[in-house]
Amino acid sequence: MDGEIVVGLDIGTTKVCAVVAAEDELEGINILGVGIASSEGLNRGVVVNIDKTVSAIREAIGKAERAAGVTVENVIVGIAGDHVQSFQSRGVITTHRDGVITQHDVQRLLEDTTHVAMPADRKILHVLPQEYIVDGQDGVVDPVGMSGVRLEANVHIVTGLVSAARNIYRCVEKAGYSVADIVLEPLASSYSVLHQDEKEVGVALIDIGGGTTDIAVFEDNTIRHTGVIAVAGTKVTDDIRKGLGLMRDQAEQLKRQFGLALVDVNQPDEVISIPGIGGRQEKTISRSALSQIIQPRLEEILEIAGIEIKRSGYARHLGAGVVLTGGGSLIPGTAQLAAEVLGVEARVGLPTGLGGGMVKEVSDPKYSTAVGLVLYGLNPEVIRREFLDTNEKWTGQQGQLDDSGSRGIVERMTRWFQEL
Ligand SMILES: Nc1ncnc2c1ncn2[C@@H]1O[C@H](COP(=O)(O)OP(=O)(O)OP(=O)(O)O)[C@@H](O)[C@H]1O
Ligand SMILES: [Mg+2]
């Protein structure tokens, strides 16, 4: 397999990030180009200003194109925001053909799991199979080729607001590109950050971004729960801004340069001076006072994440604890604070599993989602297992855009079957 190019586009609340990658047999996944632009068109993970978002997308993809020396056409884009909801569902079908289960049967079964009442303004983003049951035998990972008459599945269904997804499509198309897939952001981040063995023993991914904190819980190599919370790093900056009467940029810089998630009693305190605004006198603040502003907000974020994890029913199954990622996890001490608040092991995770190219440039928790989108796109197995090819996925005025989206999926599924 040589060099098919895959582009991950993470439209975040604070930055838009495009990652261009290709897979080759020798080096694995090569990062060919990265482009970042600051983002001002989103609020808490959701597009609220089309024009600003379009120009940020153009800037980010343009930079990545120039770095990679390629022309981008299709992108795999992320979606988040607290409109995203998820729940468990079940489906059952009987097979017709001599009792050997086919891919078509599985497809029919997954479709059956989606027959749930849903408000008209929502659509399904993902159907994530957790387990298949063949003639009463549970724990089947892949039933294709097995003998059986009665086929059941437990799935995790993720839904989102149609309008939120359409606005993402609209922005990408207006910027001159087309959407190959739309992927839940915490699911994408999990591909770049979590190790296989963590997913096996049980782990919760907590992606603290600017506008949203995204959660994904895994056990037995299967996704068990997803959730999106509308409190993240921007709130930490706002607290500093309001608490100290600073400008936004000053507060942001202060947080990045001196912020600590916990007061470190073993370190001597430092005094930080902040230039005054408009000829006013400079201000001073101790580093411990700064962390007294940061800590409660980070604790709040982690506590809400903890509630979300409890809601999943898997809080006691986290053998590998929690893995933090996203720019909001860059404040030193965040992992220690998470371990204290949640009572489990915690580490900060960055994108891994990459072969060559601009690996260093993306080795940062801020880029977990964009790299994860690329890994998602490069892994046909993921697509086969997790995509339900509903042609009417995001129909409506955007009919034409939807076609291009589902066509990409169908093409890739077909190609995968040919490779088999
Ligand atoms: N070096 C750093 N130290 C502390 N915080 C940082 C640092 N770099 C970035 N951040 C914080 O990370 C947050 C942005 O993280 P990230 O880039 O993951 O978010 P996003 O993807 O743009 O937003 P979202 O995922 O919520 O839509 C901001 O609140 C920013 O202040
Ligand atoms: Mg993000």
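Caption draft 1: Spatial organisation of the site of ligand 1. The full set close to ligand 1 counts 19 residues, and Thr 13, Thr 14, Gly 211, Glu 252 and Lys 255 are the nearest of them. Between ligand 1 and the protein, one listed contact pairs an oxygen atom with a side-chain N or O atom of Lys 15 at 2.9 Å. One of the backbone nitrogen or oxygen atoms of Gly 210 is found 3.0 Å away from an oxygen atom of ligand 1. Contact with the protein chains removes 93% of the 660 Å² of surface that ligand 1 exposes when unbound. For the shell around ligand 1, the secondary-structure elements that each account for two or more residues are α6 (233–244) and α7 (248–258). In terms of residue count, α7 provides more of the shell around ligand 1 than any other element does, 3 residues in total. Its residues assigned to classes, the shell around ligand 1 shows 2 nonpolar, 12 polar and 5 charged.

Caption draft 2: Representation of the packing of helix α1 (residues 50–68) against helix α3 (residues 162–174) in the model. Across the interface, α1 lies against α3 with an axial gap of 8 Å and an inter-helix angle of 50 degrees. Relative to α3, α1 is oriented oblique. Our pair here, α1 against α3, has a crossing hand that is right-handed. Taken together, the residues of α3 that come into contact with α1 (itself represented by Ile 50, Asp 51, Thr 53, Val 54, Ile 57 and Arg 58) are Asn 167, Arg 170, Cys 171, Val 172 and Lys 174. Counted by class, the contact of α1 with α3 contains 5 nonpolar, 2 polar and 4 charged residues.

Caption draft 3: A look at the environment of Ser 189. With respect to the helices, strands and loops of the structure, Ser 189 is situated in helix α4 (residues 185–193). C-alpha of Ser 189 to C-alpha of Ile 215: the two residues are 26 residues apart in sequence and 9.7 Å apart in space. Non-local contacts of Ser 189, meaning those with residues more than four positions away in its chain, are made with Leu 205, Asp 207, Ser 368 and Thr 369.

Caption draft 4: Local environment of the sheet that holds strand β7 (residues 85–94). Taken in spatial order, the 4 strands line up as β7-β10-β8-β9 in an open sheet, and their pairing is antiparallel. This sheet does not close on itself; its edge strands, each paired only once, are β7 and β9 (137–140). Each strand of the sheet is rotated relative to its neighbour by a mean of 40 degrees, with strand direction disregarded. The pairing of strand β8 (residues 122–134) with β9 spans 2 bridges and is antiparallel. Bridged to Tyr 132 within β9 is Val 140.

Caption draft 5: Examining the pairing of strand β2 (residues 15–24) more closely. Here β2 lies mainly inside the structure; 8 of its 10 residues are buried. Here strand β1 (residues 5–11) pairs with β2 via 7 bridges, running antiparallel. Bridging from a neighbouring strand, Ile 5 pairs with Ala 22 of β2. Remark: 3 residues form the turn of the hairpin made by β1 and β2, two consecutive strands paired antiparallel.

Caption draft 6: Quick look at the environment of Ile 304. Within the secondary structure, Ile 304 sits in helix α8 (residues 287–311). In sequence terms Ile 304 and Val 231 are 73 residues apart; their C-alpha atoms lie 8.8 Å from each other.

Caption draft 7: Spatial organisation of the nonpolar core. The biggest cluster of nonpolar side chains holds 67 residues, and the ones touching the most others in it are Leu 9, Ile 11, Ile 57 and Val 172. Counting residues per element, this core draws most heavily on helix α11 (residues 368–378), at 7 residues. With near-sequence residues (within four places) excluded, Ile 57 lies in contact with Leu 9, Ile 11, Val 16, Gly 62, Cys 171, Val 172 and Ala 175. Counting 36 residues, the second-largest nonpolar core is a separate cluster that includes Ile 206, Ile 215, Ile 294 and Leu 318.

Caption draft 8: Examining the sheet that holds strand β17 (residues 322–325) more closely. Read across the open sheet, the 5 strands follow the order β14-β13-β12-β17-β18; overall the sheet is mixed. Of all strands in the sheet, those with a lone pairing partner are β14 (222–229) and β18 (346–348), marking the two edges. When the angles between neighbouring strand axes are averaged without regard to direction, this sheet yields 20 degrees. Across 6 bridges, strand β12 (residues 203–208) lies against strand β13 (residues 213–219) in antiparallel orientation. Among the inter-strand pairings, Ala 204 is bridged to a residue of β13, identified as Val 217.

Caption draft 9: Main features of the packing of aromatic side chains. Tallying each qualifying case throughout the model produces 1 aromatic pair. Above the face of the Phe 218 ring, Lys 199 is positioned so that its terminal group lies 5.2 Å from the ring centre.

Caption draft 10: Seen up close, the packing of α4 against α11. For the pair α4 and α11, the least separation of the axes is 7 Å and the interaxial angle reads 85 degrees. In this view, α4 runs roughly perpendicular relative to α11, as classed from their interaxial angle. Counting all contacts with α4, which are made through Glu 185, Leu 187, Ala 188, Ser 189, Tyr 191, Ser 192 and Val 193, the residues of α11 involved are Ser 368, Thr 369, Val 371, Gly 372, Leu 373, Leu 375 and Tyr 376.

Caption draft 11: Structural view of the side chain of His 156. The topology assignment puts His 156 in strand β10 (residues 150–161). With relative accessibility at 1%, the residue His 156 sits in the buried group. Among the polar contacts listed, one links the side chain of His 156 to the side chain of Gln 88, at a separation of 2.8 Å. Leave out the neighbours within four places in its chain, and His 156 touches Ser 86, Phe 87, Gln 88, His 126, Val 127, Leu 128, Gln 130, Ile 223, Arg 224, His 225 and Thr 226.

The rules behind each value
- Within any chain, residue numbers begin from 1 and follow the written order of that chain's sequence.
- Working convention: letters from A go to chains and numbers from 1 go to ligands, in the order in which they are written.
- This being a predicted model, a pLDDT of at least 70 is required before a residue's local features are given, and a value of 80 or more before pairs of side-chain atoms are given or counted; all residues contribute to the totals for chains, interfaces and linings.
- Water and hydrogen atoms play no part in the side-chain values, which are based on all heavy atoms of the structure.
- In this text, near means that some heavy atom of the residue lies within 4 Å of the molecule or strand in question.
- Counted as a polar contact is a pair of N or O atoms within 3.5 Å, where, for protein atoms, one must be capable of donating a hydrogen and the other of accepting one, and residues adjacent in sequence contribute only when both atoms are in side chains.
- For every accessible area listed, the method is Shrake-Rupley and the probe measures 1.4 Å; residues are considered covered only by the protein chains on display.
- Only runs of H or I of at least four residues qualify as helices and only runs of E of at least two qualify as strands under DSSP, and these elements are numbered from the N terminus.
- Only Asp, Glu, Lys and Arg are considered charged, only Ala, Val, Leu, Ile, Met, Phe, Trp, Tyr, Cys and Pro nonpolar, and every remaining residue, Gly among them, polar.
- In this description, a line fitted to the C-alpha atoms serves as the axis of each element, helices being fitted only across the stretch in contact, and the angle between N-to-C directions of two axes falls anywhere from 0 to 180 degrees.
- Oblique is the label for any angle not covered by the other classes, which are roughly parallel (under 35 degrees), roughly antiparallel (over 145) and roughly perpendicular (65 to 115).
- Two helices that cross are described as forming a left-handed crossing if the nearer one is turned anticlockwise from the farther one by less than a right angle, and a right-handed crossing if clockwise.
- When checking whether two residues touch, look at their non-hydrogen atoms; a contact exists if any pair is within 4.5 Å.
- By definition, two strands form a pair when at least two bridges between them are found by DSSP.
- Burial classification: accessible surface area is computed with a 1.4 Å probe over protein chains only, and a residue below 20% of its type maximum counts as buried, one above 50% as exposed, and the rest as partly exposed.
- Only buried residues count toward a nonpolar core, which is a set of Ala, Val, Leu, Ile, Met, Phe, Trp, Tyr and Cys residues joined through side-chain atoms within 4.5 Å.
- Only the six-membered ring of Trp is used, alongside the rings of Phe and Tyr, when aromatic pairs are assigned; centres must lie within 6.5 Å, and planes under 30 degrees apart are stacked while those over 60 apart are edge-to-face, with the rest tilted.
- The criterion is that NZ of a Lys, or CZ of an Arg, lies within 6 Å of the ring centre and within 35 degrees of the ring normal, and then a charge sits over that ring.

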